[in-house]
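Observations on the model geometry
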Amino acid sequence: MRRTALRGVTVAAAATALVFGSPLVANAASYPSDATKPDLVSLLNGYDRYWTSTGTNDLHGTVLDPGTLAKNDELTSWINQHATKAQQLKALQDSEYQNATNTAYDQSSTVSQGLGDTLEKIYLEGRETGALPLTSALINSSNGTSGAYVSTGDAKAHYSYPRPYLPATTTATLPAGDDQTGCAPATVNASSLAANRAGKAWASADGTLDITRVPATTDTTHEFSPNDVVLDAGYGTKGICTGGSFPSGHTTTAYQAGITLATLVPELAPEILARASEAGNDRIVLGVHYPLDIVGGRIDGEAALAARWSDAQYRTEVLEPARAELTKYLEEQCGDTLANCIASEHAYTDDPYGGAAMPGGTAQVVTDRASAVKVYQERMTYGFAQTGATGLAASVPAGASNLLLTTFPTLTDAQRTAVLAQTEIASGYPLDQSGTAAGSWERLDLAAATSATVAITADGTAKVLSTGGTAHVVTGVLTAPHGTSVAAGGSLALAGTGLTPGASLHVVLHSDPVTVGTVTVAADGTVSGSVTIPATTATGSHTIDLVDASGASALVAPLAITVTPAAATVGTGTGTDGGTGTAVVDPTTGVHLPVVSG
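Predicted, not measured: the structure shown is a model, and the values here were computed from it. (Residues numbered from 1 in each chain as written. Predicted model: local features only at pLDDT ≥ 70, side-chain atom pairs only at ≥ 80, totals over all residues. Heavy atoms only, no water.)

1. Some words on helix α14 (residues 312-334)
Put simply, the rule reads: Starting at the N terminus, helices and strands are each numbered in turn, a helix being any DSSP run of H or I of at least four residues and a strand any DSSP run of E of at least two. Expected span of a helix: the number of residues minus one, times 1.5 Å. A residue's bend is simply the angle between two axes: one fitted to the seven residues ending at it, one to the seven starting at it. Type-normalised accessible area, obtained with a 1.4 Å probe on protein chains alone, sets the label of each residue: buried when under 20%, exposed when over 50%, and partly exposed for intermediate values. The contact criterion used is simple: two residues touch if any of their non-hydrogen atoms lie within 4.5 Å. Pairs of N or O atoms within 3.5 Å make up the polar contacts considered here, provided that, within protein, one atom can donate a hydrogen while the other can accept it, and that residues adjacent in sequence are counted only when both atoms are side-chain atoms.
Taking 1.5 Å per residue as the helical rise, α14 with its 23 residues ought to reach 33 Å, and the 31 Å between its terminal C-alpha atoms agrees with that figure. Its axis deflected by about 30° at Leu319, α14 carries its strongest bend there, up to four residues before the proline Pro321. Listing the buried residues of α14 in full gives Tyr314, Arg315, Val318, Leu319, Ala322, Glu325, Leu326, Tyr329, Leu330, Gln333 and Cys334. Buried residues belonging to α14 abut α6 (117-129), α7 (133-139), α11 (249-264), α13 (291-310) and α15 (338-344). One side-chain oxygen at the N-terminal end of α14 lies 3.1 Å from the backbone nitrogen of Gln313; it belongs to Asp311. Directly beyond the C-terminal end of α14, a positive phi value near 85° is found at Gly335.

Structure below.
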């Protein structure tokens, strides 16, 4: 595998080169979705059941759901207090936006860690050197046509919720270096939350949340920029301290960049999405946002990119050309097919709390695709209680299915919608709008959907068989030509069609997976043969799958079978009187019954 070395770019060159923040031609065009951006205030109005502001954008208001907002506080303080030093640096990196001289970076750079160690470097090099102009014009978080598509300003002003690190009293002393006028506690405070925090282990006696500021530092790693970049969370700046906490603007742009990249490189979508969720979580690490803010930012990003992918003109003139450009560049620089490049690199990993499990959740450690999907799902709800209606039917928003266009290009819109419906989380969690005309973006589990194995039934219905693996559509059909009922220890005849000629496949019996045979697909895509069901198999319902040589990808819809008790075994023996007879073994106990004399 070949990869070019990451080249340095001088500050002067970066200011004129086609790099991260440079306006590009694509930004000047006009598309239908430019005039139909999602209304974030309406999209997020589920927040109204927890808090109502004064309506004057002064960070004051009334707590409506003390329990949910207390959980919001508890998780924020815990995450801020338990993040590792390495995670604190990543949090500062994720807070960066491109500067006027184009010598820094933004979330469209940092989320690229989801590409894996090799492809991330290639991608960043292409962004820095101007080799990816269409991708940059699309994805960057400063002025990208998707990366900076929606703004959270109106929503922040409408909900006007105080940030976690703000003092709860009007007489607090600000740290040196803060804007003493713009962030003055007399007006900029969290006093409306003080009563709800009284007596809580995660707050001081005056109601100020326990938050530790992460100090500013200089990023000398040169991972995302060839330059040293000063990183600062901006606690003491007026724009941060007076800006409403809900929803998170940084998380919105992180998801806009992350979902964009995930749709351009769907082969790595689950990992990229998990990295976008980490960028959102890093706002909590810094103590400038709460989990509900992050959920709101994810919803913003989902709705934004669905609007872009649903715009046929924008899709064909911007998204698809950028995808072709990026795929071609990654393969050229890697020196192999994208699939082979991915297989040979180190995938995205993360351990934000040094293995410590957060309250009501896990340590959110990512080691592989399956864990990336699980961590993404955990951050969809952060373990909040279901405060809305539970048990509601799937509620997929209009246009959301277009987010799966590159993952499942052969499926119909209805089939992609079905995939989203079968992978979304349960109803009732904070910000869920199930049952409304808009549908529920909160329930949309894109990491699960983009890692799904999907079978298409005879009537054209899409059925999700599993998630957490390689996204693909099952083409094979498995049948039992002599019937699906078999005794434990007996032989089951199988026949399959629609498979890859020449492939060697494992026959796997579930529930407890056990390989019961191997078959080779004929030139016409069929297989036939029989397997022995282990004698120890429990009676009842089971399934048979065909999987590839790695054992990871199902290739057929599971065949339902019924296992019946093992037949009694019969043999010959000698009776106590010296005669001969048949010996019978009890199939349940395995005990040899008395020999019957002959």
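2. Concerning the nonpolar core
Selection criterion: Side-chain atoms within 4.5 Å are what join buried Ala, Val, Leu, Ile, Met, Phe, Trp, Tyr and Cys residues into a set we call a nonpolar core.
Grouped together as the largest cluster of nonpolar side chains are 115 residues, with contacts concentrated most on Tyr47, Leu119, Tyr123, Leu261, Val265, Tyr382 and Val419. Per element, the largest residue contribution to this core is 10 residues, and it comes from α13. Judged by nonpolar contacts, the second largest core, of 22 residues, contains Leu492, Val507, Val516 and Leu559.

3. Thoughts on the side chain of Asn227
Summarising the element assignment, Asn227 is placed in the loop between β3 (217-219) and β4 (229-231). In terms of polar contacts, Asn227 uses its side chain to reach the backbone carbonyl oxygen of Thr103, at 3.1 Å.

4. Some words on the sheet that holds strand β13 (residues 527-532)
Going by this rule: Two strands are said to pair when DSSP picks up at least two bridges between them. For helices, the fitted line uses only the C-alpha atoms of the stretch in contact; every axis is such a line through C-alpha atoms, and the angle between N-to-C directions lies from 0 to 180 degrees.
In spatial order, the strands read β8-β10-β13; together these three strands make up an open sheet with antiparallel pairing. The open sheet has two free edges, formed respectively by β8 (477-479) and β13, since each of these has just one partner strand. Here the average twist between neighbouring strands, direction ignored, is 25°.

5. So, the side chain of Ser371
Mapped onto the elements of the fold, Ser371 is located in helix α16 (residues 369-381). Relative accessible area serves as the criterion here: at 13%, Ser371 is assigned to the buried category. With residues up to four places along the chain from it excluded, the contact list for Ser371 reads Val365 and Val366.

6. A few points about the sheet that holds strand β12 (residues 514-520)
The strand order across the open sheet built from five strands is β9-β15-β14-β11-β12, with neighbouring strands paired in mixed fashion. Of all strands in the sheet, those bounded by a partner on one side alone are β9 (485-487) and β12. Pairs of neighbouring strands in the sheet enclose a mean axial angle of 30°, with direction left out of account. Pairing of strand β11 (residues 504-510) with strand β14 (residues 540-547) involves five bridges; the strand directions are antiparallel. By the bridge assignment for β14, Val508 is matched with Asp545.

7. Observations concerning the state of the cysteines
Threshold: Disulfide assignment relies on a single distance test, namely cysteine sulfur atoms paired within 2.5 Å.
In the structure shown here, the tally under the stated rule is two disulfides. One disulfide in the model links Cys183 with Cys241; its S-S distance is 2.2 Å. When the S-S torsion is -95°, as for the bridge of Cys183 with Cys241, the disulfide is left-handed. Of this pair, Cys183 sits in the loop between α8 (153-159) and α9 (194-197) while Cys241 sits in helix α10 (residues 238-241), placing them 58 residues apart in sequence. The exposure classification of Cys183 matches that of Cys241, with both residues buried. Paired by a disulfide, Cys334 and Cys341 hold their sulfur atoms 1.9 Å apart. In this structure the cystine formed by Cys334 and Cys341 twists about its S-S bond by roughly -115°; its chirality is therefore left-handed. Here Cys334 matches Cys341 in class, with each residue buried. If you count the bonded cysteines of the protein from the N-terminus, they pair up as 1-2, 3-4.

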